[in-house]
Amino acid sequence: ADHRRYVERMRAAASPQEEERYRGALADFPGPAELHGTLAMTLDGGIRTQDAPFVVRRALRNHEQGAAAWSFVTERWDDLTAAIPSNLVARMLEGISALAEPDQVAAVESFLDAHPVPQGRTLIEQHRERLRVQAAFRRRERPRLGDVFA
């Protein structure tokens, strides 16, 4: 119900700033159904194509559902890259640094090797480096900090 209200408020926003706040918040919902609904809106016209990469980026950073957002990106890659402006694909992928679990890092690196983004090669390399740094930090600090990374 909250997700539906946020969608309605996004569509009826009194200003672009208010619309942006609600649109961004949609990517933060912790439930899988809400996240799926938000991500689906990036492809069905519910969220404008110029805004979609930023919603996907934020969904990738969602603590509860980031891995699910990554699955959406990989499964719908062709649809996403066809729908959004090519110069924003690299910006969308900025959220990968949150996917810093060892099994996720290998999968992300492999996917990006197989799906190069020529419009933002340098930016993608920076995202990948940040991902590796985050993963190394987690490996190093997990024994000391424990549940913080759960």
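Above this text you will find the structure in question.
The model shown is predicted, which means the values in this text are computed figures rather than measured ones.

Enquirer: Would you mind going over the packing of aromatic side chains with me for this structure?
Expert: Ring pairs (aromatic) are described by centroid distance and by the angle formed between their planes. Here the structure, examined in full by the defined rule, presents four aromatic pairs. Ring plane angle 85° and centroid distance 5.2 Å describe the contact between Y6 and Y22, whose orientation is recorded as edge-to-face. With Y6 in helix α1 (residues 2-11) and Y22 in helix α2 (residues 16-26), this pair connects stretches of sequence that are 16 residues apart. Their ring planes at 90° and their centres at 5.4 Å tell us that Y6 and F29 sit as a pair that is edge-to-face. Residue Y6 is found in helix α1, and its partner F29 is found in the loop between α2 and α3 (32-44); the two are separated by 23 residues along the sequence. Each residue in the set Y6, Y22 and F29 is aromatic and connected to the rest through ring pairs, giving one cluster.

Enquirer: It is not clear to me how the environment of E75 should be interpreted in this structure. Could you clarify?
Expert: Considering the arrangement of structural elements, one finds E75 in helix α5 (residues 66-75). Using a relative accessible area of 65% as the deciding quantity, one classes E75 as exposed. Considering only alpha carbons, one finds E75 and L39, 36 residues apart in sequence, at a separation of 12 Å.

Enquirer: Please explain the pattern of salt bridges as it appears in this structure.
Expert: Two side chains that carry opposite charge are able to pair once their charged atoms sit near each other. Within the structure shown, the criterion is met by 17 salt bridges. Between E109 and R128 there is a salt bridge, with its nearest N and O atoms 2.5 Å apart. Placement of E109 in helix α8 (residues 102-114) and of R128 in helix α9 (residues 121-145) is noted, with a sequence separation of 19 residues between them. Residue class for R128 comes out buried when judged on its relative accessible area of 7%. The residue E141 makes a salt bridge to R144 at a minimum N-O spacing of 2.8 Å.

Enquirer: Can you walk me through the side chain of E141 in this structure?
Expert: When you line up the elements, E141 lands in helix α9. There is a polar contact of 3.0 Å between the side chain of E141 and the side chain of R140.

Enquirer: Honestly, the nonpolar core in this entry has me stumped. Any pointers?
Expert: One recurring pattern in soluble globular proteins: nonpolar side chains tend to sit buried together. By size, the foremost hydrophobic cluster in this structure holds 37 residues, and its most contacted members are L60, W70, V73, W77, M92, L93 and I96. A per-element tally of this core places helix α4 (residues 52-60) first, with five residues.

Thresholds applied
- Each chain carries its own residue numbering, running from 1 in the written order of its sequence.
- Only residues with pLDDT of at least 70 are given local features in this predicted model, and only at 80 or more are side-chain atom pairs given and counted; all residues enter the totals for whole chains, interfaces and linings.
- Side-chain metrics in this entry use all non-hydrogen atoms of the structure; hydrogen atoms and water are not considered.
- Pairing of aromatic rings covers Phe, Tyr and Trp, the last counted by its six-membered ring, and requires centre-to-centre distances within 6.5 Å; plane angles under 30 degrees mean stacked, over 60 mean edge-to-face, and any other angle means tilted.
- Numbering goes from the N terminus for both helices and strands, where a helix is a DSSP run of H or I of at least four residues and a strand is a run of E of at least two.
- Burial classification: accessible surface area is computed with a 1.4 Å probe over protein chains only, and a residue below 20% of its type maximum counts as buried, one above 50% as exposed, and the rest as partly exposed.
- Salt bridge, as used here: a side-chain nitrogen of Lys or Arg that lies within 4 Å of a carboxyl oxygen of Asp or Glu.
- Here a polar contact means two N or O atoms within 3.5 Å. Within protein one must be a hydrogen donor candidate and the other an acceptor candidate, and residues neighboring in sequence count only if both atoms are side-chain atoms.
- For this analysis, a nonpolar core means a set of buried residues of the types Ala, Val, Leu, Ile, Met, Phe, Trp, Tyr and Cys, connected via side-chain atoms within 4.5 Å.

Geometric descriptors of this kind do not, in isolation, establish any biological role.
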